[in-house]
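Chain residues, written in single-letter form:
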Amino acid sequence: MSADVDSPAAEEQTALSDFIMVGTDNAASRHRVQKISLKYGAPLISAGVNITVAKDEDGGRLLVDRSGEVIAIRLGDGYRLNCLGRIRQADMACESHPEPEVRKKTLALGHVGGALVREPAVKTLNAMVAALAVESLVNQYDENMVREPVVVVESHDGARMCPDKSTFAMLETGCASCL
Ligand SMILES: [Zn+2]
């Protein structure tokens, strides 16, 4: 089934799900999916990628980040994507700006930080992150691996996969979204 995250059909489908996996491209849609997850008590796995480039000394592009991550949030974990800094209120405000032109520009940007690139080729990175998301889902049931709520894949200066502990060191408790 394919449906807009705001549609009743999407809510009906996700309400019947044991787990929800979200991999959408903007804050508002992730927030919407998280709301459904909380409303119906379905745990959430969020997967996303990031590419950031900077200018090198010769004015060329320098890849500084090419990474992805998978976050698993079970019922009762006590945090949400907002507290982890993965959904920002300011982004949602821009995405729902009353001026259609601002909305359009906001949504068109952001594929690659530091460069105006609309649709980067992130196929291999996406494939790694998608595989990791499935691995995380399976592990929710068989618990063969030590549970790590946030796992990061990096591939800009050598490939590696590691749990992200720093996110929890910065965990925002009592954040506005959870009050
Ligand atoms: Zn929160």
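Everything discussed here concerns the structure shown above.
Just so you know, these numbers come straight off a predicted model, no measurement behind them.

J.: When you look at the overall build of the protein in this model, what are you seeing that I'm missing?
T.: Within the protein, the secondary structure is distributed over six helices and five strands. Going residue by residue from the N terminus, the α and β elements of the protein occur as α-β-α-β-β-α-α-α-β-β-α. Counting across all 179 residues of the protein, residues that qualify as buried make up 21%. Put simply, of all contacts in the protein between residues at least 6 apart along the chain, 60% involve residues at least 24 apart.

J.: What is the right way to read the sheet that holds strand 5 (residues 160-163) from this model?
T.: Within a sheet, adjacent strands bond to each other through the backbone by hydrogen bonds, running parallel or antiparallel. Taking strand neighbours across the sheet as the criterion, the five strands line up as 1-2-3-4-5 in an open arrangement whose pairing is mixed. One side of each edge strand has no neighbouring strand; the edge strands of this open sheet are strand 1 (20-22) and strand 5. In this sheet, neighbouring strand axes are inclined to one another by 15 degrees on average, regardless of whether the strands run parallel or antiparallel. As defined by bridge partners, strand 1 adjoins strand 2 (residues 44-55) across three bridges and the pair is classed as parallel. The partner of valine 22 across the bridge, within strand 2, is serine 46. Packing of helix 5 (residues 123-142) onto the sheet brings it into contact with strand 1, strand 2, strand 3 (61-73) and strand 4 (150-154), and relative to strand 3 it is tilted by some 20 degrees.

J.: What should I look at first to understand the pairing of strand 5 in this one?
T.: Every other side chain in a regular strand lies on the same face of the sheet, so the side chains alternate between the two faces. With four bridges joining them, strand 4 and strand 5 adopt antiparallel strand pairing. Considered in strand 5, the bridge of valine 153 is made with methionine 161. In this antiparallel pair of consecutive strands, strand 4 and strand 5, the connection spans five residues, and glycine 158 shows a positive phi of 100 degrees.

J.: Just to check I follow, could you spell out the nonpolar core for this structure?
T.: Soluble globular proteins tend to pack their nonpolar side chains together in the buried interior. Grouped together as the largest cluster of nonpolar side chains are 25 residues, with contacts concentrated most on Ile45, Ala47, Val70, Ile71, Ala72, Val129 and Ala133. Residue assignment for this core shows that the elements contributing at least two residues are helix 2 (27-40), strand 2, strand 3, helix 5 and strand 4. The element best represented in this core is strand 2, accounting for five residues. Filtering out sequence-adjacent residues up to four positions away, alanine 72 remains in contact with Ile45, Ser136, Gln140 and Pro149.

The rules we used
- Residues numbered from 1 in each chain as written.
- Predicted model: local features only at pLDDT ≥ 70, side-chain atom pairs only at ≥ 80, totals over all residues.
- Helix = DSSP H or I, 4+ residues; strand = E, 2+ residues; numbered from the N terminus.
- Buried ≥ 20, exposed ≤ 12 C-beta atoms within 10 Å, placed from the backbone.
- Contact = placed C-beta atoms within 7 Å.
- Pairing = 2+ DSSP bridges.
- Axes fitted to C-alpha atoms, helices over the stretch in contact; angles between N-to-C directions.
- Core = buried A, V, L, I, M, F, W, Y, C linked by C-beta atoms within 7 Å.

Shape is all these values report; function is a separate question.
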